[in-house]
Amino acid sequence: MSKENPGVIRRLFRGLWNALNFTRRLVFNLIFLLLLIGFLVAVFGGRATLAPRTALILDPKGAIVDQYSNNPGDRALANLTGSESKEVQLRDVLRVIDAAAKDARIERLVLIPDEIDRAGLSTLREIGAALDRFKAAGKDIVAVSGGMGQSQYYLAAHANRILLDPEGAVLLEGFANYRSYFKDALDKLGVQVHLIKVGTFKSAAEPYILNQASDAAKEADSYWMGGIWQEFLTEVSALRKIDAAKISDDIAHYDERVAAHNGDLAGLALEQKLVDQLATRSEVRALLRSQGVAEGNDSFRQIDFKKYLGTLVPEALPAVAANQVAVIVAQGEIVPGEQPPGMIGGRSTAQLVRAAREDDKVKAIVLRVNSPGGDATSSELIRREIVQTREAGKPVIVSMGDVAASGGYWIAMDGDEIWAQPTTITGSIGIFGLFATLPETLAKIGVHTDGIGTTPLAGALDIRRPLSPQLEAILNSVIKRGYNEFIGKVAKARGKTPEQIDTIAQGRVWSGVQAKERGLVDKLGGLQDAIAAAAARAKLGTDYHVRYVERELSAWERLALSFSNSEALVRVARQAGFSLPPGFVNASDLRQFSGVVESLRGKRYGAFAHCFCELP
């Protein structure tokens, strides 16, 4: 029997290998077939055609971001298999709207905002401004919704008409910033959290040492959120010609308003003039058929915004194009080293700035910041590259997105000009260090730590041991020095004294308007304003090209994305039954969470300039 076992095992492994090898060859053959079809489509046609009097359907789904955080392979696979991408790039939405405004074949825009699940108010303002440009071109916008929250409604308010489903609702509720607090839970577990911070209002790490928000945190949050909420009310009231005070009163007494309408939320929205008409989807189609060009039995001439984007001339510039304004996106948490898109790597983002500086065709740089901060040392590496770029004679204009706070402000402060939206969340100039020790936790399960070191500092960073007074003193000195350096650098960049900056720093968060009033921001405006300012600084007039400086895609990535954007190839792939497995999670989803976790695990040491101040 023992002599036969090796043969059985060999046959078993040989069978498994043959099965795996067959599967591998099958998959590669299928991929090759798809690529061949894609090549033929690319050569012999496949771009969507556009007839006159077409309606552009703008229905972004998922998060609206400055830069994709998922990799090109994930996006290509999602397109081919019919899975909805979780992200839409702001630049693509703006490009589509602006191109459609000038395209005589596009008659109107149909906005369906319902499936936007994450977009900051400053991002929405950029899109709203583009919608206003579309209307200024003499074209009609119709917003169609089955039900909206306030983010979706903000965009819908820019339409000429808003059509709401009779079973839908418009829910305006205001802004809130509620967080979970863990002190009691950590005490029960025996986890000792040591927080060292500078800044009365620096509240990022409060949940680990308190059971509720501090009075200082509530004071600061109330002020900046109140400012942003007033901006929201002011703009919506102007767009819809409704008094802002009435909108606020309706929200405060929403329960009474709903009861008075017998629970009819759509009827209430119509009565409050938040919408213009109640209509089912079939009634909407009938209306658009009557006002446009009827197609089929129950539809109208239309094109989806992604397909329309595919009809536009690619933005890629020839290598010899001169007079470039380079846009560098700094989006996400700031962490050390090389990082993929969607996060800011101290090394990788600094390298992008350096590459733009050393490119003679680049005459000016726009740094687009959308970050709550993170690692202080990495923030400083990026800031130094900004300073060197200015010293080399190239203007650097900063455009703040939804949030540019703490470390996000650190990398922005040395720009020639800082532009922010009125609703940008910024400031939070402060630093903290967080260190957890677990001796009491381990003692609860009978584990104890003992030994000896050659110096008082040997083993001081071991989380199994209590925090020594000597190490705590060292950390205090480091954090205090970091804060003094932070406000000193801000003072130098903004032409103020450190004492003046200290009064508006202390970790306090400001809206864009409030930051401008305090000299932390130069001008209010969006990304396009910042790009125009960069071109003006470089004296380029109107003769310049805008280029996003990002990690260069490989030939394979460009090919995969090109094929996956082909309507014909996508149709073939879906008819063949290609789909992602249930529960599929792409790598970028995991990367987004890993940065903060690493901060608290003890694998990353140093000071943190981070603000947990984004609005949901």
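Residues numbered from 1 in each chain as written. Predicted model: local features only at pLDDT ≥ 70, side-chain atom pairs only at ≥ 80, totals over all residues. Heavy atoms only, no water.

Trainee: What is the right way to read the sheet that holds strand 3 (residues 87-89) from this model?
Mentor: Strand pairing in a sheet is mediated by backbone hydrogen bonds. Such pairs are either parallel or antiparallel. Read across the open sheet, the 3 strands follow the order 3-2-5; overall the sheet is parallel. Two strands in the sheet have a free side with no partner beyond their single neighbour: strand 3 and strand 5 (116-118). The average undirected angle you get between the axes of adjacent strands in this sheet is 45°. Pairing of strand 2 (residues 62-65) with strand 5 involves 2 bridges; the strand directions are parallel. Its bridge partner being in strand 5, alanine 63 is matched across the sheet by arginine 118. Contacting strand 2 and strand 3, helix 3 (residues 90-102) runs over the sheet at an angle of about 55° to strand 3. (Pairing = 2+ DSSP bridges. Helix = DSSP H or I, 4+ residues; strand = E, 2+ residues; numbered from the N terminus. Axes fitted to C-alpha atoms, helices over the stretch in contact; angles between N-to-C directions. Contact = heavy atoms within 4.5 Å.)

Trainee: Before we go on, may I ask you to explain the environment of glutamine 192 in this structure?
Mentor: When you line up the elements, glutamine 192 lands in strand 8 (residues 192-198). Take glutamine 192: its relative accessible area is 27%, and that puts it in the partly exposed class. Between the C-alpha atom of glutamine 192 and that of leucine 467, which follows or precedes it by 275 residues, the distance is 8.9 Å. If sequence neighbours within four positions are ignored, glutamine 192 has contacts with Phe435, Ala436, Thr437, Pro439 and Glu440. (Buried < 20%, exposed > 50% of the residue type's maximum accessible area, 1.4 Å probe, protein only.)

Trainee: Teacher, can you tell me more about helix 3 here?
Mentor: Turn by turn, an α-helix covers 3.6 residues, leaving residues three or four places apart pointing in a common direction. In this model helix 3 runs 19 Å from its N-terminal to its C-terminal C-alpha over 13 residues, within 8% of the 18 Å that 1.5 Å per residue would give. Where helix 3 is concerned, the buried positions are Leu90, Arg91, Asp92, Val93, Leu94, Val96, Ile97, Ala100 and Ala101. (Expected span 1.5 Å × (residues − 1).)

Trainee: Would you mind showing me how to read the confidence of the model for the protein chain here?
Mentor: Detailed reading of predicted coordinates is not advised where the pLDDT is low. Across the protein chain, the average pLDDT comes to 87, with 81% of residues at 70 or higher. When the criterion is pLDDT under 50, residues 41-46 qualifies, and its contacts beyond four places in sequence or with other chains add up to 6 contacts. Note that pLDDT drops below 50 for residues 568-605; the model gives that stretch 58 contacts with residues more than four away or on any other chain. (pLDDT = per-residue confidence, 0-100.)

Trainee: Where do I start with the environment of glutamate 385 in this structure?
Mentor: By secondary structure assignment, the location of glutamate 385 is in helix 14 (residues 376-391). For glutamate 385, a relative accessible area of 8% corresponds to the buried category. Between the C-alpha atom of glutamate 385 and that of leucine 352, which follows or precedes it by 33 residues, the distance is 9.4 Å. Ignoring anything within four residues of it in the chain, the contact list for glutamate 385 reads Ala350, Val353, Arg354 and Arg357.

Trainee: Would you explain the sheet that holds strand 4 (residues 106-111) in this entry?
Mentor: Overall, parallel pairing links the 6 strands, which are arranged 9-7-6-4-1-12 in an open sheet. A single partner strand is all that each edge strand has here, and the edge strands are strand 9 (277-278) and strand 12 (302-304). Relative to strand 9, strand 7 (residues 161-164) runs parallel, the two sharing 2 bridges. When the bridges of strand 9 are listed, leucine 163 appears paired with glutamine 277. Helix 4 (residues 121-136) contacts strand 1 (54-58), strand 4 and strand 6 (140-145) of the sheet and is inclined by roughly 145° relative to strand 4.

Trainee: Just checking my understanding: could you explain the pattern of salt bridges for this structure?
Mentor: It is possible for side chains bearing opposite charge to pair when their charged atoms get close. Throughout the structure, instances matching the rule amount to 35 salt bridges. Between arginine 257 and aspartate 249 there is a salt bridge; the shortest N-O distance is 2.6 Å. According to the relative accessible area criterion, arginine 257 is partly exposed, its value standing at 22%. The class for aspartate 249 is partly exposed, based on a relative accessible area of 34%. Taking the shortest distance from any N to any O, the salt bridge between lysine 489 and glutamate 485 comes out at 3.8 Å. Separated by 4 residues within a single helix, lysine 489 and glutamate 485 lie in helix 17 (residues 469-494), roughly one turn from each other. Accessibility expressed as a relative area gives 18% for lysine 489, which makes it buried. For glutamate 485, a relative accessible area of 28% translates into the label partly exposed. (Salt bridge = Lys/Arg side-chain N within 4 Å of Asp/Glu carboxyl O.)

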